[in-house]
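Secondary and tertiary structure notes
So you can see what is in the structure, the chains are spelled out below.
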Amino acid sequence: MAALTSSTIAVIVLSQASIPIARQIVNTFPNATLYGLEHRTHGADRAFTQFGETVRELFSQGTAIVGICAAGILIRTVAPLLNNKWQEPPVLAIAEDGSAVVPLLGGLQGVNDLARQIAAIFEVAPAITTSGDIRFRTALLAPPKEYRLLNPDDAKTFLADLLAGATVKIEGDAPWLVESQLPIAPDARLTIKITEQGDGSAEPKGSAGRADCLVYQRTSIKRLAIVGTGPGSAEWMSPQVKEVLRSATDWIGYQTYLNLVEPLRTTQRLHVFDNREELERAALALDLAAEGRSVVMVSSGDPGIYAMAAAVFEVLERDQKPDWSAIDLQVCPGISAMQAAAAQVGAPLGHDFCAISLSDILKPWETIADRIAAAAQADFAIAFYNPVSKTRTWQLDKAKALLLNSRSPDTPIVLARNLGRPGQQTQVKKLGDLAIDDADMRTVILIGSSKTRVIDRADGGVWVYTPRRYD
Ligand code: SAH
């Protein structure tokens, strides 16, 4: 599955009616581009004039092709190029209304996984026809990108034996097979063997010609992804973050954040932060990745907002270790607490706003106080992160006093606690009534601007919003 997200995907449409479906697909995959036929479509990322030439060129470059069109057109278009099944990229036909998702080519490049992911968007069953895939829920010939099948020529017989009822044993660590329905038995004749790159146990020649054993080599991936889980609940976690977590070998983060993602864990090793040594932990994450592990640094909310992404870059710049230069570094965004809080009550951040952390651990209180005063004067709506902690109890009162110098005590404020987690609470109050007991370290506070409005909602509660017009 991981192989797919790294290759590029072209979603191709021939008529305007297909654009909404195509856009939904493009939005799901970070590397997808929407190609629209010129004069017949608008709103695509790229326009083309010659369908056949465009598709053949993309296909030759190894781009996965998702055509919102009839299967036959796609097959006829690429037919002259079909000569190497190991090379061909995924090709899928999708019905204009999303009701059918048909993988056509590229079984060895993960077309069935791509079909499953697209079918999930439209909540339909993908039209998967490969027996191995259906029966065993795994594509043995298309492993994730960090595994390489060393003896593909033996695979046909191996699969035929499996389909005929043979059982199989697994030697080594194969997390992508954990949820498969392979007929696993300890005394099986067939073997799937996983070896690490460089351990010398699986030179291709040693196993070639043995159709009773498929050998996969795990390549060093050297990856560090810094991900944001969103505030808590799984529905607020992006599909990209879930996928990156699943395909990793190591997770690193505070216990509370690791707990949020525990349901997704299969074989990943955990490295729990037990103190505030964030730079040390960032260096550990980089070292683990440099050793060839696939590491995920887990933050809550967004990883770039008062979280670990900046810590990783600080250490990267400070230490400049040559070992770290080969790491594939990636930041995967998440929904930040202020966004989740705003969504609970309407649109309080609907116009210009800023975020200020009230923690004076990493910056002096004078800086914080200056920023609060400036933001209040400039009439920004404000999101306060880290409003109080067990040891920091006076900052919120000071912040309130600073705000009241230039903002009315009637200004609406929102206190949102434990968003997306058990005990979620959201309160709307007036700035003048803000009390220290209203907040703890799991509360984010939104302060309205002078234009922020509170309106009644049908269920007896209120909506809070800041209008877009500001005059
Ligand atoms: N990276 C996080 C912020 C980490 S700083 C994000 O983007 O959301 C920690 C502060 O974020 C907390 O003190 C609190 O103010 C806020 N916060 C984080 N998770 C929260 C949640 N689930 N509910 C309410 N506030 C939260």
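Residues numbered from 1 in each chain as written. Predicted model: local features only at pLDDT ≥ 70, side-chain atom pairs only at ≥ 80, totals over all residues. Heavy atoms only, no water.

What follows covers the nonpolar core. Grouped together as the largest cluster of nonpolar side chains are 23 residues, with contacts concentrated most on Ile 25, Leu 92, Ile 94 and Ile 118. Mapped onto this core, the elements with two or more residues apiece are strand E1 (9–13), helix H2 (19–28), strand E2 (32–37), strand E4 (64–68), strand E5 (91–94) and helix H5 (111–122). The biggest single contributor to this core is H5, with six residues. Beyond its immediate sequence surroundings of up to four residues, Ile 118 is in contact with Ile 25, Phe 29, Val 66, Leu 92, Ile 94 and Val 101. (Core = buried A, V, L, I, M, F, W, Y, C linked by side-chain atoms within 4.5 Å. Buried < 20%, exposed > 50% of the residue type's maximum accessible area, 1.4 Å probe, protein only. Helix = DSSP H or I, 4+ residues; strand = E, 2+ residues; numbered from the N terminus. Contact = heavy atoms within 4.5 Å.)

Time to look at the packing of aromatic side chains. In this structure the tally under the stated criterion is five aromatic pairs. Both rings, one in Tyr 306 and one in Tyr 385, keep their centres 5.0 Å apart while their planes meet at 55°; by these two values the pair is tilted. A residue pair is termed long-range when its members are at least 10 positions apart, and Tyr 306 in the loop between strand E14 (294–299) and helix H12 (308–319) and Tyr 385 in strand E18 (residues 381–385) qualify at 79 residues. Each residue in the set Tyr 254, Tyr 257 and Phe 273 is aromatic and connected to the rest through ring pairs, giving one cluster. Lying across the ring of Trp 463, Arg 457 places its NZ or CZ 3.8 Å from the centre. (Phe/Tyr/Trp six-rings, centres within 6.5 Å; stacked < 30°, edge-to-face > 60°. Lys NZ or Arg CZ within 6 Å of the ring centre and 35° of its normal.)

Moving on, we come to the site of the ligand. The local shell around the ligand holds 20 residues, among which Asp 302, Ile 305, Ser 336, Met 441 and Thr 443 are the closest. Here a nitrogen atom of the ligand sits 3.4 Å away from a polar atom, N or O, in the main chain of Pro 231. For the ligand, an oxygen atom lies 2.9 Å from a polar atom in the backbone of Ala 337. Tallied by class, residues from the shell around the ligand come to 11 nonpolar, six polar and three charged. (Near = heavy atom within 4 Å. Polar contact = N/O pair within 3.5 Å; in protein donor to acceptor, adjacent residues only side chain to side chain. Nonpolar A, V, L, I, M, F, W, Y, C, P; charged D, E, K, R; others polar.)

Turning next to the pattern of salt bridges. One side chain can pair with another of opposite charge once the charged atoms of both are near each other. Under the criterion given, the structure shown has 12 salt bridges. Salt-bridge contacts for Lys 429 lead to Asp 438; the nearest nitrogen and oxygen are separated by 2.7 Å. On the basis of relative accessible area, Asp 438 is assigned to the buried category, the value being 16%. (Salt bridge = Lys/Arg side-chain N within 4 Å of Asp/Glu carboxyl O.)

Taken in spatial order, the four strands make up an open sheet running E7-E10-E9-E8, and their pairing is mixed. On the outer flanks of this sheet lie strand E7 (147–149) and strand E8 (168–171), each paired with one strand and no other. Strand-to-strand twist of the sheet, defined as the mean angle between neighbouring strand axes without regard to direction, takes the value 20°. Note: E8 against strand E9 (residues 190–196), four bridges, orientation parallel. Its bridge partner being in E9, Lys 169 is matched across the sheet by Thr 191. (Pairing = 2+ DSSP bridges. Axes fitted to C-alpha atoms, helices over the stretch in contact; angles between N-to-C directions.)

The subject of this paragraph is helix H3 (residues 51–60). Buried residues of H3: Phe 51, Gly 52, Thr 54, Val 55, Leu 58 and Phe 59, and no others. The buried side chains of H3 occupy one side of the element, clustering within an arc of 170° when seen end-on. Pointing more than 90 degrees away from the buried face of H3 are the exposed residues Glu 53 and Ser 60. After H3 finishes, the residue Gly 62 shows a positive phi value of roughly 85°. (Arc of directions from axis to C-beta.)

Our focus in this paragraph is the environment of Glu 88. Its location among the elements puts Glu 88 in the loop between helix H4 (71–78) and E5. Judged by relative accessible area, which is 12%, Glu 88 ranks as buried. Separated by 70 residues in the primary sequence, Glu 88 and Ser 18 place their C-alpha atoms 25 Å from one another. Those residues in contact with Glu 88, other than ones at most four positions away along the chain, are Phe 59, Leu 82, Leu 105, Gly 106 and Gln 109.

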